[in-house]
Amino acid sequence: MPTTTKKRQRRCIGCGATQEKGALHRVVRTKEDGVQFDPSGRVAGRGAYVCSAACFAQARKSRKLERALRCSVTEDDYERVAREVALAEAPGKNEE
Ligand SMILES: [Zn+2]
């Protein structure tokens, strides 16, 4: 592994693959609003990354999001974020 990487690398909490930050979906824990999907990747707070909706589902199954964000994540949070990650993955579906 090279120690000098120009792009910031992040690890998917679902499959464990390392990718450039821009290639991953970010989930963030904010003080005010709890766990949120962060399409911009710029929201302040502790973040976790997944590369796809499938990886998010994987992280949900094994409760990896809780560990990554160091907080409890409710079923509602998982539902909401899963939906938003799926939408972000298929942008064409936003145009209905
Ligand atoms: Zn992944």
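Data block above holds the structure.
Please read these numbers as outputs of a predicted model, since none were measured by experiment. (Residues numbered from 1 in each chain as written. Predicted model: local features only at pLDDT ≥ 70, side-chain atom pairs only at ≥ 80, totals over all residues. Heavy atoms only, no water.)

### With respect to the pattern of salt bridges
Here is step 1 of the chain: Applying the stated rule across the entire model yields 6 salt bridges.
Here is step 2 of the chain: In this structure, Arg-80 and Asp-77 form a salt bridge, with 2.5 Å as the shortest nitrogen-oxygen distance. Separated by 3 residues within a single helix, Arg-80 and Asp-77 lie in helix 3 (residues 75-89), roughly one turn from each other.
Here is step 3 of the chain: Members of the salt-bridge network, linked through shared partners, are Arg-60, Arg-63, Glu-66, Glu-75 and Glu-79. (Salt bridge = Lys/Arg side-chain N within 4 Å of Asp/Glu carboxyl O. Helix = DSSP H or I, 4+ residues; strand = E, 2+ residues; numbered from the N terminus.)

### Considerations on the packing of aromatic side chains
For any pair of aromatic rings, the description rests on two quantities: the centre-to-centre distance and the angle between the ring planes.
Here is step 1 of the chain: Scanning all chains against the criterion turns up 1 aromatic pair.
Here is step 2 of the chain: Both rings, one in Phe-56 and one in Tyr-78, keep their centres 5.9 Å apart while their planes meet at 55°; by these two values the pair is tilted. Taken together, the positions of Phe-56 in helix 1 (residues 53-61) and Tyr-78 in helix 3 put the pair 22 residues apart, joining distant regions of the chain.
Here is step 3 of the chain: By relative accessible area, Phe-56 is classed as buried at 1%.
Here is step 4 of the chain: Judged by relative accessible area, which is 0%, Tyr-78 ranks as buried. (Phe/Tyr/Trp six-rings, centres within 6.5 Å; stacked < 30°, edge-to-face > 60°. Buried < 20%, exposed > 50% of the residue type's maximum accessible area, 1.4 Å probe, protein only.)

### As for the pairing of strand 3 (residues 25-30)
Here is step 1 of the chain: Within strand 3, 5 of the 6 residues are buried, leaving the element largely enclosed by the surrounding structure.
Here is step 2 of the chain: Relative to strand 5 (residues 46-50), strand 3 runs antiparallel, the two being bridged by 5 bridges. The partner of Arg-29 across the bridge, within strand 5, is Arg-46.
Here is step 3 of the chain: Examined bridge by bridge, strand 3 and strand 4 (residues 34-38) share 5 bridges and lie antiparallel to one another. Each bridged residue has a counterpart across the sheet, and for Val-27 the counterpart in strand 4 is Phe-37.
Here is step 4 of the chain: In this structure, the hairpin formed by strand 3 and strand 4 is closed by a connection of 3 residues. (Pairing = 2+ DSSP bridges.)

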